[in-house]
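Structural description and commentary
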Amino acid sequence: MSHVQFECTSPRLEGEVIVPGDKSISHRSIIFGSISHGITKVTNFLDGEDCLRTIDAFREMGVQIEKEGNSVLVHGNGLEGLKKPAKTLDFGNSGTTTRLMLGLLSGLPFETTIFGDSSLTKRPMDRVTAPLREMGAVIEGEEGGKYLPITVHGSALKGITYRLPVKSAQVKSAILLAGLLADGETIVQEDTETRNHTEVMLQAFGADLKQNHEGITITNKGKLTACDVEVPGDISSAAFFLVAGAIVPGSTITLKNVGLNESRTGILDVLEQMGAAITISNERITGGEKIGDLTIKHTALKSTTIEGDVIPRLIDEIPILALLATQADGKTVIKDAEELKVKETDRIEAVCRNLQALGANITPTEDGMIIEGPTKLTGGSISSYMDHRIAMMGVISALISEGAVEMDEKDSINISYPTFFDNLEEILQ
Ligand SMILES: O=C(O)C1=C[C@@H](OP(=O)(O)O)[C@@H](O)[C@H](O)C1
Ligand SMILES: C=C(OP(=O)(O)O)C(=O)O
């Protein structure tokens, strides 16, 4: 792992960026393509390491998946066509692959063992293994199934009604996937809406899914049918350039074809509250998901409070929003975001330590952070904590730092945004 140094003297960002495909939707396109009948054509698939883990898993289970660049053909043979993998499945760094696959594997008629890298091994899995066991799943793992490695002995499942105790789309999706294989109705209830890509895609693939005041109800009635997926650009990746455009003097950036599903657009609400100059154009619907172009210009920003129901709508954007807040006038408070502690790293600690090292006035709290701005960042030495979003925040911080920013590695960025540096270069003037 080699150290990298970023230094930009008076940069300005100008031009267009086509951000890569959405990570959440890319994972799901492979999962639903694999368990449906027929050929699913996926375009603008995210070539990030996490999504490649999901492809590998289904190939191991006998699904033919052809991939050429960002186009993928999934030859689905239905749920009954999946075979016991010949080896232990390695889900690398990917929480989404792990949690969604735990739901699916619980109801398949074979045994599977899964593991992951040192970060994934520390992330809690009991949030999915507990409700899956209520459905009848037979799961063994470290600390009673709290941590990887985990072995799932596929078994007969029964539907349950489950109110999510954590605001997590991964937990919701795991239960809905198990519900596809369970006897009777499975109902998931959530107090705060989390990203709904699983529900959107299940409906597009013909699942028996209803949504009403009772919750999200799924049954195992009917087979899923292949459905082409055009993956929208990832707003969580666009976030890095939205913030860069807002804080680097003289910048104007347009981000093309960005997914604008309302369960993901919390960052746009926050940018607006902070006075950012952002416009949305060319809005349209593709595959049940809203997309559009976003243009952002540098302008003076004011502080805000980020809390409550907006948190799941921007959870992955909090590291880069913290950098934005260092440039806003006043005190920005981020709360209700304790989920950040169980991401690829403890993102509350990683964000605060890094921004403090660069000269920001930021204090961690139990469920978020407090940032006083505006502060001129000095540069300094930081760590990516091997977390892609912390690493990209580090690179963007160099654009507004007086001195150089030195970071211990940058390869983790390939998890979600392999073309990040190419896109940055395209707009750096
Ligand atoms: O369902 C998904 O695709 C995701 C849900 C979120 O995680 P949680 O469900 O743990 O909040 C998010 O942080 C992750 O990057 C992707
Ligand atoms: C938390 C993330 O992903 P995952 O949970 O899939 O590892 C992320 O991409 O920021």
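Residues numbered from 1 in each chain as written. Chains lettered and ligands numbered in written order. Predicted model: local features only at pLDDT ≥ 70, side-chain atom pairs only at ≥ 80, totals over all residues.

1. Structural notes on the site of ligand 1
Heads up, the rule is: Using a C-beta atom placed from the backbone, a residue is described as near a molecule or strand when that atom lies within 6 Å of it. Only runs of H or I of at least four residues qualify as helices and only runs of E of at least two qualify as strands under DSSP, and these elements are numbered from the N terminus. Lys, Arg, Asp and Glu make up the charged group, whereas Ala, Val, Leu, Ile, Met, Phe, Trp, Tyr, Cys and Pro make up the nonpolar group; the residues left over, Gly among them, are polar. Annotation comment: domain bounds sourced from an automatic or database domain assignment.
Within the structure, ligand 1 sits among Ser24, Thr96, Ser168, Ala169, Gln170, Ser173, Arg195, Ile315, Asp316 and Glu339. Looking at the shell around ligand 1, the element that brings in the most residues is helix H6 (residues 169-179), giving three residues. When its residues are assigned to classes, the shell around ligand 1 shows two nonpolar, five polar and three charged. No fewer than three residues from each of domain 1 (4-21 + 232-427) and domain 2 (23-230) sit in the shell around ligand 1.

2. Looking at H6
Where we set the bar: Partly exposed residues are those whose C-beta has more than 12 but fewer than 20 other C-beta atoms within 10 Å; 20 or more makes a residue buried and 12 or fewer makes it exposed, with C-beta atoms placed from the backbone.
Of all 11 residues in H6, 11 are buried; the element is thus mostly enclosed. Residues of H6 that are buried include every one of Ala169, Gln170, Val171, Lys172, Ser173, Ala174, Ile175, Leu176, Leu177, Ala178 and Gly179, and no others.

3. A word on the site of ligand 2
By nearness alone, every residue bordering ligand 2 is listed as Lys23, Asp50, Ser94, Gly95, Thr96, Asp316, Lys343, Glu344, Arg389 and Ser416. In this structure, the shell around ligand 2 is formed jointly by two domains, domain 1 (4-21 + 232-427) and domain 2 (23-230), each of which donates at least three residues.

4. A few points about the environment of Ile415
With respect to the helices and strands, Ile415 occurs in the loop between strand E25 (405-407) and helix H13 (420-427). Under the C-beta neighbour-count criterion, Ile415 is labelled buried, with 24 such atoms within 10 Å. When the C-alpha atoms of Ile415 and Asp50 are compared, they prove to be 5.5 Å apart, with 365 residues separating the residues in sequence.

5. Some thoughts on helix H3 (residues 95-106)
For clarity, the threshold we go by: By this rule the span expected of a helix is its residue count minus one, scaled by 1.5 Å.
Along its 12 residues, H3 runs 17 Å from first to last C-alpha, staying within 8% of the 16 Å computed at 1.5 Å per residue. Most of H3 is tucked away: 12 of the 12 residues are buried. Along H3, the residues classified as buried are Gly95, Thr96, Thr97, Thr98, Arg99, Leu100, Met101, Leu102, Gly103, Leu104, Leu105 and Ser106.

6. Observations concerning the domain arrangement of the protein chain
Heads up, the condition is: Whether two residues are in contact depends on their C-beta atoms, placed from the backbone: they are in contact if these lie within 7 Å.
Domain annotation of the protein chain identifies domain 1 (4-21 + 232-427) and domain 2 (23-230). Measuring from the centre of the C-alpha atoms in domain 1 to the corresponding centre in domain 2 gives 29 Å. With 24 residues of domain 1 at the interface, the matching set in domain 2 holds 26 residues. The residue inventory of the side of domain 1 that touches domain 2, partitioned by class, reads nine nonpolar, nine polar and six charged.

7. Brief notes about unusual backbone geometry
Here the residue pair Leu148 and Pro149 is connected by a cis peptide bond, since its omega of -5° sits within 30 degrees of zero. Looking at the secondary structure, you find Pro149 in strand E9 (residues 147-153). Residue Gly373 is joined to Pro374 through a cis peptide bond whose omega torsion reads -5°. The topology assignment puts Pro374 in the loop between strand E23 (368-373) and strand E24 (380-382).

8. Some thoughts on the sheet that holds strand E21 (residues 330-334)
The strands that make up a sheet pair up through hydrogen bonds in the backbone, lying either parallel or antiparallel. Definition in use: Any two strands with at least two DSSP-identified bridges between them are counted as paired. Structural elements are reduced to axes, namely lines fitted to C-alpha atoms, with helices fitted over the stretch in contact, and the angle between N-to-C directions of any two is expressed from 0 to 180 degrees.
Read from one edge of the open sheet, four strands run E20-E21-E23-E22, paired in mixed fashion. The outermost strands of the open sheet, each flanked by one partner alone, are strand E20 (305-306) and strand E22 (361-365). Here E21 runs beside E23; their pairing, made up of five bridges, is antiparallel. Its bridge partner lying in E23, Val333 is registered against Ile370. Against the sheet, helix H10 (residues 318-326) contacts E20, E21, E22 and E23, and its axis sits at roughly 25° relative to E23. The strands touched by helix H11 (residues 347-357) within the sheet are E22 and E23, with E22 carrying the most contacts at an inclination of about 160°.

9. Things to note about the confidence of the model for the protein chain
Note the following rule: Confidence scores labelled pLDDT are given residue by residue by the predictor and lie between 0 and 100.
In this model, the protein chain carries a mean pLDDT of 97, and residues with pLDDT of at least 70 account for 100%. Predicted complex metrics record ipTM = 0.99 and pTM = 0.98.

10. Comments concerning the UniProt feature "active site" (unreviewed entry) in the protein chain
Our working definition: UniProt positions are given in the numbering used here, feature names are shortened, and annotations may be inferred rather than shown by experiment.
Using the residue numbers shown here, the UniProt feature "active site" (unreviewed entry) corresponds to Asp316. By the secondary structure assignment, Asp316 is in the loop between E20 and H10. In this structure Asp316 touches Ser236 and Arg389, once residues within four positions along its chain are discounted.

11. Brief notes about the pairing of E21
Selection criterion: Clockwise travel from the first strand over the helix to the second, with the strands pointing away from the viewer, marks a crossover as right-handed.
Bridge count for E20 against E21 is two bridges, and the pairing is parallel. Bridging across to E21, Thr305 finds its partner in Val333. Between the parallel elements E20 and E21, the chain passes through H10 in a crossover that is right-handed.

12. Brief notes about the sheet that holds strand E14 (residues 209-212)
Here we have four strands laid out as an open sheet, ordered E11-E13-E15-E14, and mixed in their pairing. In the strand order of this sheet, the two ends are held by strand E11 (161-163) and E14, each with one partner. Within the sheet, the average angular offset between the axes of one strand and its neighbour, ignoring direction, is 15°. Of the pairings in the sheet, the one linking strand E13 (residues 186-189) to strand E15 (residues 215-218) comprises three bridges and is antiparallel in character. Looking across to E15, one finds that Thr186 is bridged to Ile218.

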